[in-house]
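A look at the structure
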Amino acid sequence: MKNKPFNTPIKVAALLPLLTLAACADLGIKSSSSDNSENLLMQQQPMEAEQAAFINGQWLSVHPDGNMLLTAADGQQQTLDISAEYISERNVDGQPLFISVDASANRLVSYSVRDGKISDIHYGQPLPYPMEGICLYQPSASELNLFVMDENQMAHQLLLSMSGNTLKHSEIRQFPLPPQSEYCVVDDETDQLFVSEENIGVWAYNARAESEVSRKPVDLVQPWGQLQDNAGPLAIANGQLLIGELGSNLLHSYRIESSKYSATFSWQLPQNIAIDSLTASMDGSHIALLDDNSSALYSAQLQLPERAATAQRIAQLSPSAETTPVASAGDAADDPAIWVNKKIPADSLVLGTDKQHGLYVYDLHGNQVQELNAGRVNNVDVRQGFTFKGKTMDIAAASQRDRNSIALFAINPASGLLTAAGEVATDLSDIYGMCMYKNPHGEFFVFVNDKDGRFEQWQLLDAASGWSGKKVREFAVATQPEGCAADDAEQRLFIGEEDVAVWTLAADADASAEMTMVSPVSEILVDDIEGMDVYRKGDKAYLIVSSQGNDSYVVYQAEAPYTYIGRFRIGINAEKSIDGASETDGLTVSSADLGDEYPHGMLVVQDGRNMLPDDAQNFKYVDWDDIRQLFNL
Ligand code: CA
Ligand code: CA
Ligand code: CA
Ligand code: CA
Ligand code: CA
């Protein structure tokens, strides 16, 4: 310990106005109001440190010679003998959990602090890249991620889990960061990763593993933004992003919203302080910063306002299984359908299109059991209890984009085996989405749509020569449709106009085609509106829609007035190493008892980004029971 005054408070007046209005417009930053001149009471702590975290009166710190130290309020110290670098913290199951880097072995180490002791130590396997920075991210209560920045400016997003004495990590995705990226921090509430690019500014990335990689600036260095000199260490406290300027005495805070950042405070610390690291306690009450000049650790108690009420985080469910990837690379998997095995429910099947290639059939574990080279089939649907050449047969139909036709498949009602059974030519010129409808008289119909907005309703007829189609109705929406679904019991059709709304109309050919809006595109239903289906059990029925623009699924009552029930995302199943689902095109549900694993039925969604590991697209299965419990259905 160096000979320094102990806990010497230094009052620092917030420096105002540090911010200029000139560059605000570009960044969506509002200038701080004039009454933000608070004092920041800096206290020098009795330890040398490279980085530190404050936990209930104790300090966890990285000593300059590399040990991790836990210092109690009475000065008692405990050492974790690793060559430590970095501290990142989250609360997991009510306990603080820390991740640091054990630099000598280039591995991660996790630990907790309980009863004044460092405990629950788990080590990871060495990583194949040198680590330049880490930051924890908690996408949901049951999932823990770590962003690791390597020296080649790649961000590695790792899924963490503990098993025995081991910290297990599997890479979910990696993406490039700007040059000179040194510091990162994640705001869990808004799922944003913040990264400092030292001479440019601070960037925000979507932290969700299933999101597209893109960044937006939080603030930039003058003259493009309001940072005086550079962008350095980062911390989050009370929904505020703290940015320290490296090697200087300037500290700034910004209110975080999902895509807006408003400068709130700027502080000028004493001249002798050169900021080198920064952390905030989990409760946002304390910050710790390291002075590069003296290696002294300073702390301050923050008086930041409570975080503004943010929109509730979207609930996250986990897939219980995923299918074999489709054959085609790129955007290929599109739309599923479920065939129910009435005798052996657990042997029910999932059909899925590869819109560049054909139709696949999967079992309820996701294994591929059949492949049909059916060409560019876009959407597929199933109805059961039809006849083919007079014999009982189930049927699948698909919109076929090579020939603007409806491709038909006979499904053996006992085995589930599919056989191509002809096509019905349509009058459409750019066929796109489709869905099936079976009316109360046991008549079978297909709705197909064109990208130009036209819909055609075809009745399917059986004869000794096989299946044929008869056009029975036409109607249209103004712009591009795709997804649709019929509620057979209520003789009702739901259709999606991708950028506009979900509509409903009577499904019967002789009924009016007058449409009622179920929901317009909104902050909840984010375009494109993609796949949809109806879950009906008795007199309860729900419409579930893919809100592709924000990777979520929206649930409505399937009966007027089509009340909004809720929404969810599909995140990682850490236990089974199945990635979540995003950018979903088609989806389907069944309310049938599908055996022990899906007694209340299931949801199947197309996944636009198949990860863990990266592979061609596929479909994810979700137990309906999880949806039922989430919304108390
Ligand atoms: Ca797609
Ligand atoms: Ca479908
Ligand atoms: Ca579409
Ligand atoms: Ca995925
Ligand atoms: Ca996967």
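Below you will find a few notes about this structure. (Residues numbered from 1 in each chain as written. Chains lettered and ligands numbered in written order. Predicted model: local features only at pLDDT ≥ 70, side-chain atom pairs only at ≥ 80, totals over all residues. Heavy atoms only, no water.)

Okay, the coordination of the calcium ion (ligand 1) next. With distances of 2.2 to 3.1 Å, the protein atoms coordinating the calcium ion (ligand 1) are Asp331 (OD), Asp331 (OD), Asp585 (OD) and Asp585 (OD). Taken as a pair, Asp331 in the loop between strand 27 (321–322) and strand 28 (333–339) and Asp585 in the loop between strand 47 (564–570) and strand 48 (587–590) lie far apart in primary sequence, 254 residues in all. For Asp585, a relative accessible area of 7% corresponds to the buried category. (Donors = N, O, S within 2.8 Å, 3.2 Å for Na, K, Ca; no water. Helix = DSSP H or I, 4+ residues; strand = E, 2+ residues; numbered from the N terminus. Buried < 20%, exposed > 50% of the residue type's maximum accessible area, 1.4 Å probe, protein only.)

A few words now on the coordination of the calcium ion (ligand 2). Bound to the calcium ion (ligand 2) are the protein donor atoms Asp335 (OD), Asp335 (OD), Pro336 (O) and Val380 (O), situated 2.3 to 3.1 Å from the metal. In primary-sequence terms, the residues that donate to the calcium ion (ligand 2) follow D-P-x43-V. Here the residue Pro336 occupies a position in strand 28, and Val380 occupies one in strand 32 (residues 377–388), the gap between them amounting to 44 residues. The class of Pro336 is buried, set by a relative accessible area of 2%. Taking relative accessible area as the criterion, Val380 reaches 2% and is therefore assigned buried.

All right, on to the pairing of strand 37 (residues 444–450) then. By the criterion of burial, strand 37 is predominantly enclosed, with seven of the seven residues buried. Residues Phe444, Val446, Val448 and Asp450 point to one face of strand 37 and Phe445, Phe447 and Asn449 to the other, with burial holding for every one of them. Here six bridges tie strand 36 (residues 431–438) to strand 37, and the two strands are oriented antiparallel to one another. Bridge pairing links Ile431 to Asp450 in strand 37. Hairpin geometry of strand 36 and strand 37 is characterised by an intervening segment of five residues between the two adjacent antiparallel strands and by a positive phi of about 80 degrees at Gly442. With six bridges joining them, strand 37 and strand 38 (residues 454–463) adopt antiparallel strand pairing. Its bridge partner lying in strand 38, Val446 is registered against Trp458. The turn joining strand 37 and strand 38, which pair antiparallel and follow one another in sequence, is formed by three residues; a positive phi near 110 degrees is taken by Gly453. (Pairing = 2+ DSSP bridges.)

The next point concerns the packing of aromatic side chains. Counting across every chain of the model gives 23 aromatic pairs. Plain terms: the ring middles of Phe98 and Tyr111 are 5.5 Å apart, the flat faces sit at 15 degrees to each other, and that makes the pair stacked. You can see Phe98 sitting in strand 8 (residues 95–102) and its partner Tyr111 sitting in strand 9 (residues 107–114), a full 13 residues away along the chain. Judged on exposure class, the residue Phe98 and its partner Tyr111 are both buried. Plain terms: the ring middles of Tyr556 and Tyr564 are 6.2 Å apart, the flat faces sit at 65 degrees to each other, and that makes the pair edge-to-face. These aromatic residues form a ring-pair network of at least three members: Tyr437, Phe445, Phe447, Phe455 and Phe475. Just above the ring of Tyr432 sits the side chain of Lys451; from NZ or CZ to the centre is 4.7 Å. (Phe/Tyr/Trp six-rings, centres within 6.5 Å; stacked < 30°, edge-to-face > 60°. Lys NZ or Arg CZ within 6 Å of the ring centre and 35° of its normal.)

Turning to the state of the cysteines, a few remarks are in order. By the definition in use, this model includes two disulfides. Each disulfide pairs two cysteine sulfurs, and for Cys135 the partner residue is Cys184, the sulfurs being separated by 2.2 Å. Taking the sign of the S-S torsion, about -120 degrees here, the bridge from Cys135 to Cys184 comes out left-handed. Taken together, the positions of Cys135 in strand 11 (residues 131–140) and Cys184 in strand 15 (residues 181–187) put the pair 49 residues apart, joining distant regions of the chain. (Disulfide = S-S within 2.5 Å.)

None of this, on its own, says anything about what the molecule does.
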